Amino acid sequence: MGAIPENAVILFNGKDLSNWHTRSGDPAGWDVTDGVITAGGGAGDIVSDQKFTDFTLHIELMEPDMPEASGQGKGNSGVYLQGRYEVQVLDSYGIEIPGKGDCGAIYDQFAPLVNACKPPLEWQIYDIAFRAARLDDDGNVIDQARVTMLQNDILIHNNIELLGVTGGAMDDKVGEPGPILLQDHGNPVKYRNIWILPLPLKGSDKY
Ligand code: MG
């Protein structure tokens, strides 16, 4: 993806986490160095102050090199859309058939279509189009949230309809706007260049 769109919200300014907080509302305590934030310092998950409904999200991440680790212990973090739906972050480089817990998966719901992962210590890109759940006037979900997603410019989710919130969701109030949450799973996963473009819920009726 090229330049940052004019109307994008810069979620991480490269300098500090003043517009983020912890799940309990305390200041976000992740390390910030040279325009990069790092999970795993024991500070817990961080949550954007701002909330969103439909959007596209751009976020860059780097896996740590943990050759002795395996499975869910290998570079685990996560990007929670609306604080409710985890896009897994993990070192799944080289796995032939990635599963529902691997990098880029909607955690425990949908495996990525293909393995688009780069090796640890290389920057990777998630570009995620998110369409929030739609509810009727009685509050019943009539359309679940949907995700289309590129990892490193390769399509890994093609307009999938999610099954509901994933484990670790902040809440299940899917009809309300929600923040972006980055998971601290104890591993030093790095992030940079985080921006989000809020979208209207539909285009006009004009021909
Ligand atoms: Mg995770």
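Residues numbered from 1 in each chain as written. Predicted model: local features only at pLDDT ≥ 70, side-chain atom pairs only at ≥ 80, totals over all residues. Heavy atoms only, no water.

**A few points about the nonpolar core**
L57, V79, L81, Y126, L182, Y191 and I194 are the most contacted members of the largest nonpolar core, which totals 43 residues. Among the elements of the structure, strand 6 (54-62), strand 7 (77-81), strand 8 (85-89), strand 9 (123-131), strand 12 (146-151), strand 13 (154-161) and strand 15 (190-199) are those that each provide at least two residues to this core. It is strand 6 that contributes the most residues to this core, 4 residues altogether. (Core = buried A, V, L, I, M, F, W, Y, C linked by side-chain atoms within 4.5 Å. Buried < 20%, exposed > 50% of the residue type's maximum accessible area, 1.4 Å probe, protein only. Helix = DSSP H or I, 4+ residues; strand = E, 2+ residues; numbered from the N terminus.)

**A closer look at the sheet that holds strand 14 (residues 181-182)**
Strand-to-strand pairing in sheets goes through backbone hydrogen bonds, with the strands running parallel or antiparallel. Spatially, 5 strands are ordered 2-5-14-7-8 in an open sheet, and the strand pairing comes out antiparallel. Of all the strands in the sheet, the pair left with one neighbour each is strand 2 (20-22) and strand 8. Here 2 bridges tie strand 5 (residues 46-48) to strand 14, and the two strands are oriented antiparallel to one another. Residue pairing for strand 14: V47 is matched across the bridge by L181. (Pairing = 2+ DSSP bridges.)

**A look at the coordination of the magnesium ion**
At this site the magnesium ion is bound by N76 (OD1), S77 (O), E86 (OE), Q88 (OE1) and Q183 (OE1), with donor distances of 2.2 to 2.3 Å. When the donors of the magnesium ion are listed by position in the chain, the intervening gaps give N-S-x8-E-x1-Q-x94-Q. Linking Q88 in strand 8 with Q183 in the loop between strand 14 and strand 15, this pair joins segments that are 95 residues apart in sequence. One exposure class covers both Q88 and Q183, and it is buried. (Donors = N, O, S within 2.8 Å, 3.2 Å for Na, K, Ca; no water.)

**Focus on the packing of aromatic side chains**
According to the stated counting rule, one finds 4 aromatic pairs in the structure shown. Centroid distance Y85 to F130: 5.6 Å. Interplanar angle 45°. Geometry classified as tilted. Of this pair, Y85 sits in strand 8 while F130 sits in strand 9; the two residues are 45 residues apart in sequence, bridging distant segments of the chain. Summarising the burial analysis for this pair, Y85 and F130 share the class buried. An aromatic cluster of three or more residues is present, and its members are F52, F55, Y85 and F130. (Phe/Tyr/Trp six-rings, centres within 6.5 Å; stacked < 30°, edge-to-face > 60°.)

**Notes on a nonpolar patch on the surface**
Residues L113, V114, I154 and L155 make up a contiguous nonpolar surface patch of about 330 Å² in total accessible area. For L113, the location among the structural elements is in the loop between strand 8 and strand 9. A relative accessible area of 57% means that L113 is categorised as exposed. (Patch = residues over 30% accessible without salt bridge, like charges linked within 9 Å, V, L, I, M, F, W, Y side chains within 5 Å. Areas by Shrake-Rupley, 256 points an atom, 1.4 Å probe, with all protein chains shown as cover. Salt bridge = Lys/Arg side-chain N within 4 Å of Asp/Glu carboxyl O.)

**Observations concerning the pairing of strand 13**
Two strands pair when backbone bridges link them, and strand 12 and strand 13 are joined in this way by 5 bridges, in the antiparallel orientation. Within the sheet, the bridge partner assigned to V147 lies in strand 13 and is I160. Between strand 12 and strand 13, which pair antiparallel one after the other, the connecting turn spans 2 residues, and N152 there sits at a positive phi close to 55°.

**Let's talk about the pairing of strand 15**
Bridge analysis of strand 1 (residues 9-10) against strand 15 gives 2 bridges, and the strand direction is antiparallel. The residue bridging I10 from the neighbouring strand is W195, located in strand 15. Judged from the 2 bridges that link them, strand 4 (residues 36-38) and strand 15 form a sheet pairing that is antiparallel. In the sheet register, T38 faces strand 15, and the bridge partner there is K190. Judged from the 8 bridges that link them, strand 6 and strand 15 form a sheet pairing that is antiparallel.

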